[in-house]
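If you want the building blocks of each chain, they are given just below.
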Amino acid sequence: MATEKIQRNTPQRKVILEELEKLSTHPTASELYAIVRRRLPRISLGTVYRNLELLVRNRTIKKIEIGGSETRFDAECMHHNHVRCVECGCLDDLMDIPAGSETEKLIHSNGYEIIGCRTEFIGICPDCRKTRSGKHSRVKQ
Ligand SMILES: [Zn+2]
Ligand SMILES: [Zn+2]
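So, the nonpolar core
Then, in step 1: Ile16, Leu20, Ala29, Leu32, Tyr33, Val36, Val48, Leu52, Ile61 and Phe73 form the largest nonpolar core, which has 10 residues in total.
Then, in step 2: When residues of this core are traced back to their parent elements, those giving at least two are α1 (11–22), α2 (29–39) and α3 (45–57).
Then, in step 3: The element that contributes the greatest number of residues to this core is α2, accounting for 4 residues.
Then, in step 4: Beyond its immediate sequence surroundings of up to four residues, leucine 52 is in contact with Ile16, Ala29 and Phe73.

Written as structure tokens, this is what we have:
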């Protein structure tokens, strides 16, 4: 009858959190599982999932669920926006953009209580732009 409280600081959860904090790529559970497994070879994907869910519930990390794409996890809990590359699907942080403040005000004035924001910008990441311009210059002349 182990309760969540008793399990709070399992070594596994510590490793999962440590590895997530090192990444700025917003990994999916399976991506994180592949990384955590290097340190904990016996851990299962189910355990990684369960611990991620718990960390989300404790508000230690954030879950990013947007439009049909696989759930990703973010150790950065400060409110920030994301930009997704339409070419390779990578997800990056946009820290400098005020977190939808105007939109939130607008929605609030319609009687809603705002509990979060799932704005997602889409674009082409620097790496893909390089690849693209490479293609273009080859196509030229
Ligand atoms: Zn890209
Ligand atoms: Zn983020």
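Focus on the confidence of the model for the chain
Then, in step 1: For the chain, per-residue confidence averages 82 on the pLDDT scale, and residues scoring 70 or more make up 78% of the total.
Then, in step 2: Averaged over each element, pLDDT in the chain is lowest for helix α4 (residues 101–109) (71) and highest for α2 (97).

Here's the deal with the sheet that holds strand β4 (residues 91–94)
Then, in step 1: Reading across from one edge, β4-β3-β5 is the order of the 3 strands in this open sheet, with mixed pairing throughout. Every interior strand has two partners, whereas the edge strands, β4 and β5 (120–123), have only one. For this sheet the average axis-to-axis angle between neighbouring strands, irrespective of direction, equals 30°.
Then, in step 2: Inspection of the sheet shows strand β3 (residues 81–85) paired to β4 by 4 bridges, in the antiparallel sense. Within β4, the residue paired with arginine 84 across the bridge is leucine 91.

Digging into unusual backbone geometry
Then, in step 1: In this structure, histidine 26 is a non-glycine residue whose phi angle is positive, near 55°.
Then, in step 2: Mapped onto the elements of the fold, histidine 26 is located in the loop between α1 and α2.
Then, in step 3: Positive phi, normally seen in glycine, also occurs at arginine 59, with a value near 60°.
Then, in step 4: Mapped onto the elements of the fold, arginine 59 is located in the loop between α3 and β1 (62–64).

Concerning the packing of α1 against α2
Then, in step 1: Relative to each other, α1 and α2 sit at 120°, their axes nearing to 10 Å. Comparing the axis directions of α1 and α2 gives the class oblique. Seen along the crossing, α1 lies across α2 with a hand that is right-handed. Together, Val15, Ile16, Glu19 and Leu20 of α1 and Leu32, Ile35, Val36 and Arg39 of α2 make up the contact between the two elements.
Then, in step 2: Of the residues belonging to the contact of α1 with α2, the class tally is 6 nonpolar, no polar and 2 charged.

Some details on the packing of α2 against α3
Then, in step 1: At a closest axis distance of 9 Å, the pairing of α2 and α3 adopts a crossing angle of 115°. Where α2 crosses over α3, the handedness of that crossing is right-handed. The residues of α3 that touch α2, namely those facing Ala29, Ser30, Leu32, Tyr33 and Val36, are Leu45, Val48, Tyr49 and Leu52.

Examining α1
Then, in step 1: Taking 1.5 Å per residue, 12 residues should reach 16 Å; α1 reaches 17 Å between its end C-alpha atoms and fits that length.
Then, in step 2: In this fold, the buried residues of α1 make contact with α2, α3 and β2 (72–74).

Reading the values: rules and limits
- Position numbers for residues start from 1 in each chain and track the written sequence from start to end.
- Numbering of ligands from 1 and lettering of chains from A proceed in the order in which they are written.
- Predicted model: local features are reported for residues with pLDDT of at least 70 only, side-chain atom pairs are reported and counted for 80 or more only, and whole-chain, interface and lining totals are derived from all residues.
- Think of a nonpolar core as buried Ala, Val, Leu, Ile, Met, Phe, Trp, Tyr and Cys residues chained together by C-beta atoms that fall within 7 Å.
- Backbone-placed C-beta atoms define the burial measure: a residue is buried with 20 or more other C-beta atoms within 10 Å of its own, exposed with 12 or fewer, and partly exposed in between.
- The numbering of helices and of strands both runs from the N terminus, where a helix is a DSSP run of H or I of at least 4 residues and a strand a run of E of at least 2.
- We call two residues in contact if the C-beta atoms placed from their backbones are at most 7 Å apart.
- Note on scores: pLDDT gives the predictor's confidence for each residue, bounded by 0 and 100.
- Here a strand pair is declared whenever DSSP counts at least two bridges between the two strands.
- For helices, the fitted axis covers only the stretch in contact; all axes are lines through C-alpha atoms, and the angles between them, taken along N-to-C directions, range from 0 to 180 degrees.
- Angles are sorted into four bins: roughly parallel if under 35 degrees, roughly antiparallel if over 145, roughly perpendicular if 65 to 115, and oblique for all others.
- By definition, turning the near helix anticlockwise from the far helix through less than a right angle yields a left-handed crossing, and turning it clockwise yields a right-handed one.
- Amino acid classes used here: Ala, Val, Leu, Ile, Met, Phe, Trp, Tyr, Cys and Pro are nonpolar; Asp, Glu, Lys and Arg are charged; the rest, including Gly, are polar.
- The span you would expect from a helix comes to 1.5 Å times its residue count less one.

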